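# Examination of the molecular architecture
One-letter residues, chain by chain:
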Number of protein chains: 2
Amino acid sequence: MKKISAEDILSYDKRFRTNLINTVTGFKSVSLIASVNTQGETNLAIFSQIIHVGANPPLLGILFRPHTVVRHTLENILSTAEFTINHISSEILRQAHHTSARWEQSEFEACGLTPDFGTAVCAPYVRESSVQIGCKLVERQDIQANGTVLIIGQIVEIRLPDNIVHDDGFIDLEMAGSLCALGLDSYHNTTRVARLSYAKPDSQPEEI
Amino acid sequence: MKKISAEDILSYDKRFRTNLINTVTGFKSVSLIASVNTQGETNLAIFSQIIHVGANPPLLGILFRPHTVVRHTLENILSTAEFTINHISSEILRQAHHTSARWEQSEFEACGLTPDFGTAVCAPYVRESSVQIGCKLVERQDIQANGTVLIIGQIVEIRLPDNIVHDDGFIDLEMAGSLCALGLDSYHNTTRVARLSYAKPDSQPEEI
């Protein structure tokens, strides 16, 4: 085993440290966040910092880098209080990744993805996405340690293929083709190893 | 496409809603968090709510459910300010999942995993884990919307096989065998689809 110390981490060049620390925490969800500004102009951006926060009420969180430069997605969410989260499959991976370039026009148009407006939120969904989540802003927390901003959103609508929801509510995201991410630029398919039973001291976990 | 409204979500029975909302945000990292209490007794618990927060300083976050019942890991972190995060591979998946049962003794002993004490932090690593991260507590944020607690930790040591770190710092977690999770109980291997170049408006993303 190689040991990397706190001093080693600080001594690395920026690119090496960024890749190392972005990958060491493991695989992440990756989605497209769609929003509109107060003029109704759409924005679309790829994010891998979206987490589950709670089921009742249904809450999720998005961690944004420090708000020191223009961050359209964060600014749109703060001004309109609504946004959508849209899963990414292999079929739209390159378009999704391309949204992170510095575009002058809407990333929908620039990257060849289709805005699909519903009625639950003002922001559009991504038509090509197999799992779409409409959200309303409920809370903002500023992380003191490095200026990142945690946005808490409440889920107000979910749009997805009917056949991927199991009888117990579990969504089969492998059937949906949803990818996960590692670090800044690596995208992965998944293969289930096991779904395990609720753990009890008097028995071994079993596959369910 | 099936549309699930905010009213639908609230009307579901608890188990269905819990599975649905825990899976809809996508795949997550999954790790074992090891800690000790002020008497030096070890604790080990499986967590899928660990996120990257920043690379310089190297920070990560853990989201804990509301602190309304005994939560040994959170209490140990708040009292000793140190903990370790240890990746999970298929070889130790069942032991790792079994840590979530209500044990009277240390989960290391109960589940057959080995505490491995280093010098950087007081909490042990999990010897059977291929990627081990030592952390110190730097910040606590309480989420008002549902009482969850976000703990920010600074990475002070990383222990991992030398051959899984690429020249640019990217850690090949597929080579390490690190799993990811979906929902409360599903565990997955990954297969890389592509690592894509930095996105620019004037060219298509390419594999790197």
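Figured I'd write up the structure that's included with this text. (Residues numbered from 1 in each chain as written. Chains lettered and ligands numbered in written order. Predicted model: local features only at pLDDT ≥ 70, side-chain atom pairs only at ≥ 80, totals over all residues. Heavy atoms only, no water.)

## Examining helix H3 (residues 72–80) of chain A
Residues and elements named next belong to chain A. Among all positions in H3, only Thr73, Leu74, Asn76, Ile77 and Thr80 are buried. Seen along its axis, H3 keeps its buried residues to an arc of 165°; they face one direction. Against the buried residues of H3 lie strand S3 (31–36), strand S4 (42–47), strand S6 (58–64), strand S7 (82–87), strand S10 (132–142) and strand S11 (149–160). With its phi angle positive at about 65°, Ala81 sits one or two positions after the end of H3. (Buried < 20%, exposed > 50% of the residue type's maximum accessible area, 1.4 Å probe, protein only. Helix = DSSP H or I, 4+ residues; strand = E, 2+ residues; numbered from the N terminus. Arc of directions from axis to C-beta. Contact = heavy atoms within 4.5 Å.)

## Observations concerning the sheet that holds strand S2 (residues 28–29) of chain B
The strand order across the open sheet formed by six strands is S2(A)-S12(A)-S13(A)-S13(B)-S12(B)-S2(B), and the pairing between neighbours is antiparallel. The sheet terminates laterally at strand S2 (28–29) of chain A together with S2 of chain B, the two strands that pair on one side only. (Pairing = 2+ DSSP bridges.)

## Regarding helix H2 (residues 14–24) of chain A
Residues and elements named next belong to chain A. Across the eleven residues of H2, nine count as buried, placing the element largely inside the fold. Measuring from the side-chain oxygen of the N-cap residue of H2 to the backbone nitrogen of Arg15 gives 3.1 Å; that N-cap residue is Asp13. Positive backbone phi, at 105°, marks Gly26, one or two positions downstream of H2. (Polar contact = N/O pair within 3.5 Å; in protein donor to acceptor, adjacent residues only side chain to side chain.)

## Overview of the relation of the copies chain A and chain B
A rotation about some axis, followed by a shift along it, carries one copy of the chain onto the other. Expressed as a screw operation, the relation of chain A to chain B combines 0.0 Å of axial shift with a rotation of 180°, fitting to an RMSD of 0.0 Å. Taken together, the rotation and translation relating the two chain copies correspond to the operation of a two-fold axis. Closest to the rotation axis within chain A is the C-alpha of A:Thr190, separated from it by 2.1 Å. Most of the interface of chain A is mirrored in chain B, where 100% of its interface residues are also at the interface. (Least-squares fit on C-alpha atoms with pLDDT ≥ 70 in both.)

## With respect to the pattern of salt bridges
For the structure shown, the criterion picks out 18 salt bridges over all chains. Across the pair B:Asp162 and A:Lys2 runs a salt bridge whose closest N-O atoms are separated by 3.6 Å. Taken together, the positions of B:Asp162 in the loop between strand S11 (149–160) and helix H6 (173–176) and A:Lys2 in strand S1 (residues 2–5) put the pair across two chains. For B:Arg195, the salt bridge goes to B:Asp168, with nearest N and O atoms at 2.9 Å. Here B:Arg195, found in strand S13 (residues 186–195), pairs with B:Asp168, found in the loop between S11 and H6; they are 27 residues apart in sequence, far enough to count as distant. When its relative accessible area of 7% is taken as the criterion, B:Arg195 is described as buried. With a relative accessible area of 13%, B:Asp168 lands in the buried category. One connected set of salt bridges, linked through shared partners, spans A:Arg15, A:Asp185, B:Asp168 and B:Arg195. (Salt bridge = Lys/Arg side-chain N within 4 Å of Asp/Glu carboxyl O.)

## A short note on the interface of chain A and chain B
Chain A puts 103 residues into the contact, and the matching count from chain B is 103 residues. Each partner contributes to the roughly 9100 Å² buried at the junction of chain A and chain B, and carbon and sulfur atoms together form 63% of this total. The interface formed by chain A and chain B contains eight salt bridges. If you look at where chain A meets chain B, you find 54 residue pairs in polar contact (both at pLDDT 80 or more). A breakdown of the residues in the side of chain A that touches chain B according to their chemical character gives 48 nonpolar, 35 polar and 20 charged. Alignment of strand S13 (residues 186–195) of chain A against S13(B), held across nine bridges, turns out to be antiparallel. (Buried area = accessible area lost by both parts, 1.4 Å probe. Nonpolar A, V, L, I, M, F, W, Y, C, P; charged D, E, K, R; others polar.)

## Focus: the pairing of S3(A)
All names here are of chain A. For S3, a buried count of six out of six residues is recorded, marking the element as mostly surrounded by other parts of the structure. Neither face of S3 is open: one carries Ser31, Ile33 and Ser35, the other Leu32, Ala34 and Val36, and all of them are buried. With six bridges joining them, S3 and S4 adopt antiparallel strand pairing. Bridge pairing in S4 places Leu32 opposite Ile46. Where S3 hands over to S4, the hairpin turn is made up of five residues, of which Gly40 adopts a positive phi near 85°. Relative to S7, S3 runs antiparallel, the two being bridged by four bridges.

## Overview of the pairing of S13(A)
Residue and element names in this part refer to chain A. Here strand S12 (residues 180–182) runs beside S13; their pairing, made up of three bridges, is antiparallel. Residue pairing across strands places Ala181 opposite Tyr187, the latter belonging to S13. Hairpin connection of S12 to S13: three residues between the antiparallel strands, including Gly183 at a positive phi of 65°.

## Focus: the environment of A:His67
Residues and elements named next belong to chain A. Note that His67 resides in the loop between S6 and H3. You can call His67 partly exposed: its relative accessible area is 32%. Counting along the chain gives 75 residues from His67 to Asp142, while the straight-line C-alpha distance between them is 9.9 Å. If we ignore the near neighbours within four places in the chain, the residues touching His67 are Leu74, Glu75, Leu78 and Gly147.

## So, the nonpolar core
In terms of nonpolar packing, the biggest core is built from 70 residues, with A:Ile62 and B:Ile62 touching the most fellow members. Not counting residues up to four positions away in its chain, the partners in contact with A:Ile62 are A:Ile33, A:Phe47, A:Gln49, A:Ile50, A:Ile77, A:Phe83, A:Ile85, A:Val149, A:Leu150 and A:Ile151. (Core = buried A, V, L, I, M, F, W, Y, C linked by side-chain atoms within 4.5 Å.)

## Regarding the packing of aromatic side chains
Enumeration according to the criterion identifies four aromatic pairs over all chains in this entry. With centroids separated by 5.1 Å and ring planes inclined at 70°, the aromatic side chains of B:Phe47 and B:Phe64 adopt a geometry described as edge-to-face. Taken together, the residues span a long stretch of sequence, with B:Phe47 in strand S4 (residues 42–47) and B:Phe64 in strand S6 (residues 58–64) at a distance of 17 residues. A single burial state applies to B:Phe47 and to B:Phe64, both of which are buried. Directly above the aromatic system of A:Phe170 lies the positively charged group of A:Arg195, at a separation of 4.2 Å from the ring centroid. (Phe/Tyr/Trp six-rings, centres within 6.5 Å; stacked < 30°, edge-to-face > 60°. Lys NZ or Arg CZ within 6 Å of the ring centre and 35° of its normal.)

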